Amino acid sequence: MDSGEIRLIGVSKTFSSPSGDVRAVDHVNCSINKGEFVALIGPSGCGKSTVLRMLGDLEHPTAGAVTIAGSPPADLRRQRRIGMVFQDANLLPWRTVRENIALPLEIAGNSAGTSARDIDDLLALVGLSDFPNALPWQLSGGMRQRVAIARALVLNPDVLLLDEPFGALDEITRNRLNIDLLKIWTEVGITAVLVTHSLAEAVMMSDRIFVMSPRPARITAVVPVDLPRPRTAGMQRSPEFFDIVARTGEALYSPFESDADGEAA
Amino acid sequence: MAAIAINPKTSGRLRSLTAVLLVLAVWELAARLFAPGPTPIIPPPTILVTYVADHLGLLAVVVRPTLIEAVSGFCIGAAFSIVMAAIFVRYRGVEAALSNTLVLIHSLPMLAIIPLLVIWFGIGYTPKIVVAALATFFPVLNGALRGLRSADRSTLELMHLLNATGMQTLLKVRIPSSLPYIFAGLKIAAPQAVLGATVAEWIGSREGLGSQILMALLNYDVPLLWACMVLCAVMAALGFCIIVAIEYLVIGRRAEPLKAED
Amino acid sequence: MSTMDIVPVGPAGDRPGSGARLREFLFRFASPLVVLSLLAIWQLIAMAFAIPVYILPQPVNLITALPATGRTLFNGWAVTMMEASAGFIIGNVFSIAVAFLVTVSSTARAGIMPVALAIKSVPMVAITPLITLSVGFGHATVVTVAALVCFFPTLVNVSRGLKAAPRGAMDLFHIIDANPVQTFWKLRLPYALPYLFTALRITAPAAFGGAMLAEYVASNAGLGYLIQDGYSRFQFILVWQIVVLATVTTLTAFSIVVWFEKRVVDSKR
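What you see is a predicted model; the values in this text were computed from it and never measured. (Residues numbered from 1 in each chain as written. Chains lettered and ligands numbered in written order. Predicted model: local features only at pLDDT ≥ 70, side-chain atom pairs only at ≥ 80, totals over all residues.)

**A short note on the overall build of chain A**
At step 1: Scanning chain A from N- to C-terminus turns up eight helices and nine strands.
At step 2: In summary, chain A has a C-alpha radius of gyration of 19 Å against a globular reference of 18 Å for 265 residues, a match within 12%.
At step 3: Here the C-alpha coordinates of chain A stretch approximately 60 × 40 × 40 Å along the principal axes.
At step 4: Put simply, of all contacts in chain A between residues at least 6 apart along the chain, 72% involve residues at least 24 apart. (Helix = DSSP H or I, 4+ residues; strand = E, 2+ residues; numbered from the N terminus. Rg over C-alpha atoms; globule rule 2.2 N^0.38 Å. Contact = placed C-beta atoms within 7 Å.)

**Thoughts on helix α8 (residues 166-200) of chain B**
At step 1: With 35 residues, α8 of chain B extends just 41 Å between its outermost C-alpha atoms, more than 12% less than the 51 Å of an ideal straight helix rising 1.5 Å per residue.
At step 2: Maximum bend of α8 of chain B: about 45°, positioned at L179 of chain B, with proline P180 of chain B one to four residues after it. (Expected span 1.5 Å × (residues − 1). Bend = angle between axes of the 7 residues up to and from the residue.)

**A look at the sheet that holds strand β6 (residues 159-163) of chain A**
All names here are of chain A.
At step 1: Reading across the sheet, the six strands line up as β5-β6-β7-β3-β8-β9 and stay open at both edges, with mixed pairing between neighbours. Edge positions in the sheet fall to β5 (82-85) and β9 (219-224), since each has one partner strand and no second. On average, each strand axis in the sheet is inclined to that of its neighbour by 15°, with strand direction left out of account.
At step 2: Pairing between strand β3 (residues 37-41) and strand β8 (residues 208-212): four bridges, direction parallel. The residue bridging I41 from the neighbouring strand is V211, located in β8.
At step 3: Where helix α5 (residues 141-153) meets the sheet, its contacts fall on β5 and β6, and the angle it forms with β5 comes to roughly 170°. (Pairing = 2+ DSSP bridges. Axes fitted to C-alpha atoms, helices over the stretch in contact; angles between N-to-C directions.)

**Structural notes on the interface of chain B and chain C**
At step 1: Opposite the 47 residues of chain B that make contact, chain C presents 47 residues.
At step 2: Elements that contribute at least two residues to the side of chain B that touches chain C include exactly α1 (8-34), α4 (92-106), α5 (110-121), α7 (153-161), α8, α9 (209-218) and α10 (222-250) of chain B.
At step 3: The residue makeup of the side of chain B that touches chain C, split by class, is 34 nonpolar, ten polar and three charged. (Nonpolar A, V, L, I, M, F, W, Y, C, P; charged D, E, K, R; others polar.)

**Description of the packing of α9 of chain B against α10 of chain B**
All names here are of chain B.
At step 1: It is at 8 Å that the axes of α9 and α10 come closest, and there the two elements cross at 155°. Relative to α10, the element α9 lies roughly antiparallel. Every pair of crossing elements has a handedness; the one defined by α9 and α10 is left-handed. For the pair α9 and α10, contact is made by L209, Q212, I213, A216 and L217 and by L224, L225, C228, M229, L231 and C232, respectively.
At step 2: For the contact of α9 with α10, the class distribution of residues is ten nonpolar, one polar and no charged. (Parallel < 35°, antiparallel > 145°, perpendicular 65-115°, else oblique. Left-handed = near helix turned anticlockwise from the far one by under 90°.)

**Notes on unusual backbone geometry**
At step 1: Looking along the chain, the bond that leaves R215 of chain A and enters P216 of chain A is cis, with omega of 5°.
At step 2: Cis geometry marks the peptide bond from R229 of chain A to P230 of chain A, where omega comes out at -5°.
At step 3: Within the secondary structure layout, P230 of chain A lies in the loop between β9 and α8 (239-260).
At step 4: Here Y220 of chain B, not a glycine, exhibits a phi torsion of approximately 55°, which is positive.
At step 5: Given 11 C-beta atoms within 10 Å, Y220 of chain B falls into the exposed group.
At step 6: Of note, the phi angle at F234 of chain C is positive, near 60°, even though the residue is not glycine.
At step 7: Summarising the element assignment, F234 of chain C is placed in the loop between α9 (223-232) and α10 (236-267).
At step 8: Taking the C-beta count within 10 Å as the criterion, F234 of chain C has 11 such neighbours and is therefore assigned exposed. (Buried ≥ 20, exposed ≤ 12 C-beta atoms within 10 Å, placed from the backbone.)

**Concerning the environment of Y216 of chain C**
At step 1: Residue position: Y216 of chain C is located in helix α8 (residues 180-218).
At step 2: As for Y216 of chain C and L193 of chain C, which are separated by 23 residues in sequence, their C-alpha atoms are 34 Å apart.
At step 3: Residues contacting Y216 of chain C, with those up to four places away along its chain left out, are L111 and W202 of chain B together with G224, Y225, I227 and Q228 of chain C.

**Thoughts on the nonpolar core**
At step 1: Grouped together as the largest cluster of nonpolar side chains are 116 residues, with contacts concentrated most on V131, C228 and C232 of chain B together with A146 and A207 of chain C.
At step 2: With 16 residues, the top contributor of residues to this core is α8 of chain C.
At step 3: Counting 81 residues, the second-largest nonpolar core is a separate cluster that includes I41, L122, V147 and I184 of chain A. (Core = buried A, V, L, I, M, F, W, Y, C linked by C-beta atoms within 7 Å.)

**Considerations on the environment of L162 of chain B**
At step 1: Within the fold, L162 of chain B resides in the loop between α7 and α8.
At step 2: The exposure class of L162 of chain B is buried, given the 24 C-beta atoms found within 10 Å.
At step 3: A sequence separation of 47 residues divides L162 of chain B from P115 of chain B, and the C-alpha atoms of the two residues are 54 Å apart.
At step 4: For L162 of chain B, the residues in contact, after removing those within four places along its chain, are R80, P104 and I107 of chain A.

**What about α5 of chain B?**
Residues spaced three or four apart along an α-helix face the same direction, because each turn holds 3.6 residues.
Residue and element names in this part refer to chain B.
At step 1: The end-to-end C-alpha separation of α5 is 16 Å, in line with the 16 Å expected for twelve residues at 1.5 Å each.
At step 2: Buried within α5 are the following residues: M110, L111, A112, I113, I114, P115, L117 and V118.
At step 3: Once α5 ends, the next one or two residues include G122, with phi positive near 80°.

**What to know about the packing of helix α3 (residues 66-104) of chain C against helix α6 (residues 139-162) of chain C**
Residues and elements named next belong to chain C.
At step 1: At a minimum axis distance of 6 Å, the contact between α3 and α6 shows a crossing angle of 35°. As for how α3 packs across α6, the hand of that crossing is right-handed.
At step 2: Grouping the constituent residues of the contact of α3 with α6 by class yields 21 nonpolar, eight polar and one charged.

**Section: the domain arrangement of chain C**
At step 1: On domain assignment, one finds that chain C holds domain 1 (15-48) and domain 2 (66-267).
At step 2: Averaged C-alpha coordinates put domain 1 of chain C and domain 2 of chain C at centres separated by 33 Å. (Domains from an automatic or database assignment.)

**Regarding the pairing of strand β7 (residues 191-196) of chain A**
Residue and element names in this part refer to chain A.
At step 1: Among the six residues that make up β7, six are buried, leaving the element largely enclosed by the rest of the structure.
At step 2: As judged from the five bridges shared by β3 and β7, these two strands associate in the parallel manner. Opposite I41, over in β7, you have T196 as the bridge partner.
At step 3: Bridge analysis of β6 against β7 gives five bridges, and the strand direction is parallel. Of the residues in β7, the one forming a bridge with L162 is L194.
At step 4: A crossover links β6 with its parallel partner β7, the connecting element being helix α6 (residues 171-188), and its sense is right-handed. (Right-handed = clockwise from strand over helix to strand, strands pointing away.)

**Brief notes about the sheet that holds strand β1 (residues 6-17) of chain A**
All names here are of chain A.
At step 1: Here three strands make up an open sheet; going across it, the order is β2-β1-β4 and the pairing antiparallel. Only two strands of the sheet have a single neighbouring strand rather than two, namely β2 (20-32) and β4 (63-68). Pairwise comparison of adjacent strand axes, ignoring direction, gives a mean angle of 25° for this sheet.
At step 2: Relative to β2, β1 runs antiparallel, the two being bridged by nine bridges. Paired with K13 across the strands is V25, a residue of β2.

Written out as structure tokens, the structure reads:
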């Protein structure tokens, strides 16, 4: 079993709340290969974030199994082999950029080992070499997310989980960060799972797109993205790109469109 | 030649300062005009200042016990409340169990507690220190509770993801994020500690500002009364300023500049 | 769920069932239970160790002494209650008016706020004798002190509350050309109410405590005076009774405000 190979087998998740049970995820089956970049796309609130959080051991499935390299995510989390970037960068406001990136190293202590990345290299990788001592409030939203990405990579994890990391940013910044993230991913060579609700982002970044239904989340389609790597900004204007976007959009919107036509989904 | 631009914060402070000076000036004039004579009820500020300067030695002796009581009570109360807040955050059961008791203690009027404390501990420093500690305890507890709970859910998830221990989360996330709130509580508590110690001296004490105020009142010694009042206010303000200074040293420029609130 | 600590494994949603019900019951009733058990412990310890009455009377003693002290207690309480209520009303009304003034006129604000802050930082302790000097011994001083105690918290809270309406809503009212009275009743007041109630929650007990404090110095009636009198005559049971009575009154005042708050604020949701 390759490290970084992810499998979800019959995964379901139901939340119980005082106002009743909410079925967030319903029988999701898929596998992700080592080193692959995969996108989960779906309407807001459909449960795709829940799937991602199960990969990160932040939620537990109520049925089914999640494995990463054959082990449950909990094991990898305890070995700190999972990196996660949240929609809110969540930098500690009293720490500089450098200190924020160093946080996982401090927590891991001695067990960080030699596989930890050098912080200066990471700063260069995310393009923040000029700002090692800046404080979060001095940084723009895009820069804060770069710090968050660097922090997620500092312990050299096997898996990188991204939960709509650029969702709070404007489109232009988002585009630039997408390109930069691809460069970083290519350099680091890690299995990545991105949750997004932007079609263009999903097509631009990933090798495969899992299209998810409205809640409860099910995988309704898998769209392979066979654009050549390394991806360039120019590709976003190519007919092949638009074609894949259209195909993904069709899969994504079909539940809504058939409802609008009055037919059963 | 460029005009000097005063930034809004400074101009606001300048305006307040001018207002205060204006009030002092009006006070001086009004007092001299409307209530002349050797012992007016509201003496002009200049007379007060000279009085304090003349009686510096006496006043220093009077202030010392109150200062000791307030500072000791403050430190004890603050330490106790921060520890308790940490326990409450960690063990919500303990907080639920004790919350009503704390509300009860908090709503005891000061004048009700002090006689009891004097009955138990006599008229030495102890009752005053206890009162000052109690006055400090509640604001700091509130501040510490809010502060320790102010960490984002997402940040805590990040710590979970990094498999951080409870202690690491406490030290690296909760405590630093709670500092601004704790200092806000301390800023409220410092003057309260002074006030608590002084009131405690009203009942069963022969030294300190509080008892001096009472004696001055009974003897109708107006300048002395004013001098003590002013000293009390100065001590309270000084306590506040010291906390502000400590806050700056500890948190400094790492904190995002706060919006000016009032 | 937002307050649950993420550090223990798994969110609480994973574990429904009887365990949660028991915990909820304990959470709700633990606190009053603790208070009751403290009372019981007090009684038992005082009895068991035969503690002298002047150090720690038994709760039972306090009750059995009521026939003797009841009348004095009631008279004293009534006086303090009246002074506190008068001070509460005067102080809050005046303070709300000033809050309005300060919100509407920024010159008033620049002039009044520093003075208010200066007054606030001179503790009640110090102001009370001064007021006694100028107004004289007796009820007027007590009422003035109680009013002053209420002044600053209400000023701060109400002026904050009057500014609490969000900018977007203010713009909306401006666009639909609402007049100032409408804007006040329909927008500013609802937003200001929670702040007003915060102020009342603080000042209701404070007015009573402040009145007692002023009585100690400047009056010969009321609970504050009775404490001093009882203490000097070694009537310790009376002192304890007053302590309990004062606490109960303060708590009740607080609870009444909270009750009103729930009714008024919740009816708007």
